[in-house]
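Summary of structural features
So you can see what is in the structure, the chains are spelled out below.
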Amino acid sequence: MDTYYTLLGVEAGASQEAITAAYTHQRERYNPERVADLDPALRKVATERSAEIERVYAILADPERRQQYDASLGGAVGGVVAERSSLTPRERTYAIGGVIAAIALIATIWVITGRGAQPQSQEMGAVNRPAPTFAVPALAGGTINLADYKGKVVLLNFWGTWCEPCKRELPALQAAYSKLTDAGLAVIGVNLTDDEQAQGRDQAAIKAYLEQYGVTYPVALDVQGEVTNAYRVFPLPTSFFIDGEGRIRYVHIGELTLNDVQARFTELKGEASAQRTP
């Protein structure tokens, strides 16, 4: 469940200083000058998100209103909300095996039910512009360089450990990676590591989080926030489908399903094949 805290990208018990810093960061992300040349649909999302961030901060910056909001979530003790609808970092790290098994089962079902079926997907924003290049550290070590993936259809997924929709879509992304890698799909998760560090999480915590869900696709660490800024990412998760020529063709804000990925991959792969046919 999204809360005012997850919208800002902080924990429920965050200090006022951390909340103010997160608000300042989010406000800059939605600066009108920064989004002026985006597609109309994305500008609309940015405008709506900016208004939402202002409303959220107005409540969390006021101690009395914050206390009332915390109480509405199910009670607060010492100013820290006792949320049961989402996991704390420690609870995520030590999540019980039943939860992991359930997620693995969901991923398996997605793979099985996807076979032989015509992929049906959500509507997405269609664009056609060069994808900003980058070379950043990989969570597994080494460097992830987007240029190395030329010729493949790339799904670039921006995410954070505090983001509930990001967590929910992990099985679908992993299933797509397992099923379509050999056919020419590359899945790259771009972690907003600068935001993770601001919340006290290091690379070890990010790695432990992903291991819970059996994620094996490459994860890039956006330590300085440069990749996120270059792609002008707004709410999380945000995903970009990049064709073999290195152009962004689709942008999707929100959760992806396996069928979403299959449909876009099939389309972009088919276009590439048609171009190669005399």
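Per chain, the residues get numbers from 1 upward, laid out in the order the sequence is written. Restriction of local features to residues with pLDDT of at least 70 applies here, the model being predicted, together with a cutoff of 80 or more for giving and counting side-chain atom pairs; totals for whole chains, interfaces and linings are based on all residues. As a convention, hydrogens and water are excluded, and side-chain values are obtained from all of the structure's heavy atoms.

1. Observations concerning unusual backbone geometry
- Between Leu236 and the following residue, Pro237, the backbone shows a cis peptide bond with an omega angle of -5°.
- Each helix corresponds to a stretch of at least 4 residues labelled H or I by DSSP, and each strand to a stretch of at least 2 residues labelled E; elements are numbered beginning at the N terminus. By the element assignment, Pro237 lies in the loop between helix H11 (226-231) and strand E9 (238-242).
- In the Ramachandran plot, Arg232 falls in the positive-phi region, its phi being about 50° despite a non-glycine side chain.
- Among the structural elements, Arg232 can be located in the loop between H11 and E9.

2. Regarding the packing of aromatic side chains
- Two aromatic rings, drawn from Phe, Tyr or Trp (for Trp, its six-membered ring), form a pair once their centres lie within 6.5 Å of each other, and the interplanar angle then sorts them: stacked below 30 degrees, edge-to-face above 60, tilted otherwise. Scanning the entire structure with this criterion turns up 10 aromatic pairs.
- Aromatic pair Tyr4 and Tyr69: ring centres 4.1 Å apart, planes at 5°, arrangement stacked. In this pair, Tyr4 is assigned in helix H1 (residues 4-8) and Tyr69 in helix H5 (residues 63-72), connecting sequence segments 65 residues apart. For the pair formed by Tyr4 and Tyr69, the shared burial category is buried.
- Seen from their ring centres, Phe158 and Phe240 are 5.7 Å apart, and the 75° between their planes marks the pair as edge-to-face. Each residue's exposure class comes from its accessible area (1.4 Å probe, protein chains only) as a fraction of the maximum for that residue type: buried when under 20%, exposed when over 50%, partly exposed otherwise.

3. As for the state of the cysteines
- Only a pair of cysteine sulfur atoms within 2.5 Å counts as a disulfide in this structure description. Scanning all chains against the criterion turns up 1 disulfide.
- Through a disulfide, Cys163 is tied to Cys166; the S-S separation comes to 2.4 Å. On the sign convention where negative means left-handed, the S-S torsion of about 80° between Cys163 and Cys166 marks this disulfide as right-handed.

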